[in-house]
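Listed here are the chains, written in short residue letters.
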Amino acid sequence: MALRVGVFGAGGRMGSTVCRAVADDPDLELVAAVDPFHVGIDLRQVTGVDLPLQIAAGPEAFEQAGAEVAVDFTQLDAARQNLAWLAAHGIHAVVGTTGFTEGDYERLRETFRKSNCVIAPNFAIGAVLMMRFAEMASPYFESAEVIEWHHEQKVDAPSGTAMLTVERMAKASSDWTPDPTTNEVLPGARGGKGPGDIPVHALRIKGMVAHQEVILGTTGQTLTIRHDTYDRASFMPGVLLAIKLVSDRPGLTVGLDALLDL
């Protein structure tokens, strides 16, 4: 039997892409779509998915349709409410919304008892590998900075991917060269300081989707690790993988790398 899936934010850019990916996968069945900004609209109008589904206002549609997994690519405040509802109703969650805090993760570890939750700052498998490579390289370099570019409508900065990258780099090495800057002519020119005081620079540029560079340096050499996302379809293999594996991952899982055995 196909796994029954519902999608939050079904009328949005990522949500509609998820709807199409789920509908095209023979192992999955799209049974419900929720988006308070597109209530009552036929799913075919906003996603192109040829299914006789109307977009619902709230998550009750998932319970009525017997959804086993719900995917959330919404805004942070909405995602918090959505996840509380899913945990209370025993429905697994796959989440691409970013901006969650350590406090959020602690609450989710407590609430997801009857079902499971996978949260990934980035579902692009190449981006997950980029983070892993940066983590592996960190002990061999003394300086590092991270630059991330996103489209002009992304509301959080730095991105969840950039923050997770520097967290992992800082855990891999605590021996980073201090920032030599003593005169910051323009405040913020050196970016924000992440874990390990690794500088992170966030750009918001029309025409971009999601891009990141990790630049590491030591005596006489640098290493640049870069990942570029040109289309939101690049996230779908990771999303589909998480949908299929979330039931086997008890409680909360943060990061797609755990599903890839990295």
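Refer to the preceding data block for the structure.
Residues numbered from 1 in each chain as written. Predicted model: local features only at pLDDT ≥ 70, side-chain atom pairs only at ≥ 80, totals over all residues. Heavy atoms only, no water.

Q: I would appreciate a short explanation of the overall build of the protein chain in the present structure.
A: Summing up its helical and strand segments, the protein chain has eight helices and 11 strands in all. Taken over the C-alpha trace, the protein chain has a radius of gyration of 19 Å; the compact-globule value for 262 residues is 18 Å, and the two agree within 12%. Seen through its C-alpha atoms, the protein chain measures out along the principal axes to roughly 60 × 35 × 30 Å. For the protein chain, the proportion of its 262 residues judged to be buried stands at 50%. If you take every contact in the protein chain between residues at least 6 apart in sequence, the share linking residues at least 24 apart comes to 68%. When the accessible area of the protein chain is evaluated, it comes to approximately 12,500 Å², of which 53% is carbon and sulfur surface. Distance from the positive charge centre (21 side chains) to the negative charge centre (33 side chains) of the protein chain: 1 Å. (Helix = DSSP H or I, 4+ residues; strand = E, 2+ residues; numbered from the N terminus. Rg over C-alpha atoms; globule rule 2.2 N^0.38 Å. Buried < 20%, exposed > 50% of the residue type's maximum accessible area, 1.4 Å probe, protein only. Contact = heavy atoms within 4.5 Å. Areas by Shrake-Rupley, 256 points an atom, 1.4 Å probe, with all protein chains shown as cover. Lys, Arg positive; Asp, Glu negative; His and termini not counted. Charge placed at Lys NZ, Arg CZ, Asp CG, Glu CD.)

Q: Any chance you could explain the side chain of aspartate 42 here in plain terms?
A: Relative to the elements of secondary structure, aspartate 42 occurs in the loop between strand 2 (28-34) and helix 2 (43-47). Side-chain polar atoms of aspartate 42 contact the backbone nitrogen of arginine 44, separated by 2.8 Å. For aspartate 42, the contacting residues outside a window of four places in its chain are Leu51, Leu53 and Gln54. (Polar contact = N/O pair within 3.5 Å; in protein donor to acceptor, adjacent residues only side chain to side chain.)

Q: What exactly am I supposed to notice about the nonpolar core here?
A: Soluble globular proteins: nonpolar side chains tend toward being buried together. The biggest cluster of nonpolar side chains holds 53 residues, and the ones touching the most others in it are Leu43, Phe123, Met169, Leu216 and Ile243. Ranked by residue count, the leading element in this core is helix 6 (residues 125-137), at six residues. Not counting residues up to four positions away in its chain, the partners in contact with isoleucine 243 are Leu3, Val5, Val22, Leu28, Val69, Val71 and Val94. Within the second largest apolar cluster, 25 residues are counted, among which are Leu76, Trp85, Leu86 and Tyr105. (Core = buried A, V, L, I, M, F, W, Y, C linked by side-chain atoms within 4.5 Å.)

Q: How should I be thinking about the side chain of histidine 150 in this particular structure?
A: In this structure, histidine 150 sits in strand 6 (residues 143-150). Histidine 150 gets classed as buried once you look at its relative accessible area, which sits at 11%. Here glutamate 148 takes part through its side chain, which lies 2.8 Å from a polar atom of the side chain of histidine 150. Apart from residues no more than four positions distant in its own chain, histidine 150 is found in contact with Ser159, Leu203, Arg204, Ile205, Met208, Val209 and Ala210.

Q: Hey, could you run me through the sheet that holds strand 10 (residues 221-229) in this one?
A: Strand order in this open sheet of five strands is 7-8-6-9-10, and the pairing throughout is mixed. Of all the strands in the sheet, just strand 7 (192-193) and strand 10 have a single pairing partner and so form its edges. Two strands pair when backbone bridges link them, and strand 7 and strand 8 (residues 199-204) are joined in this way by two bridges, in the antiparallel orientation. Bridge assignment links lysine 193 to a residue of strand 8, and that residue is proline 199. (Pairing = 2+ DSSP bridges.)

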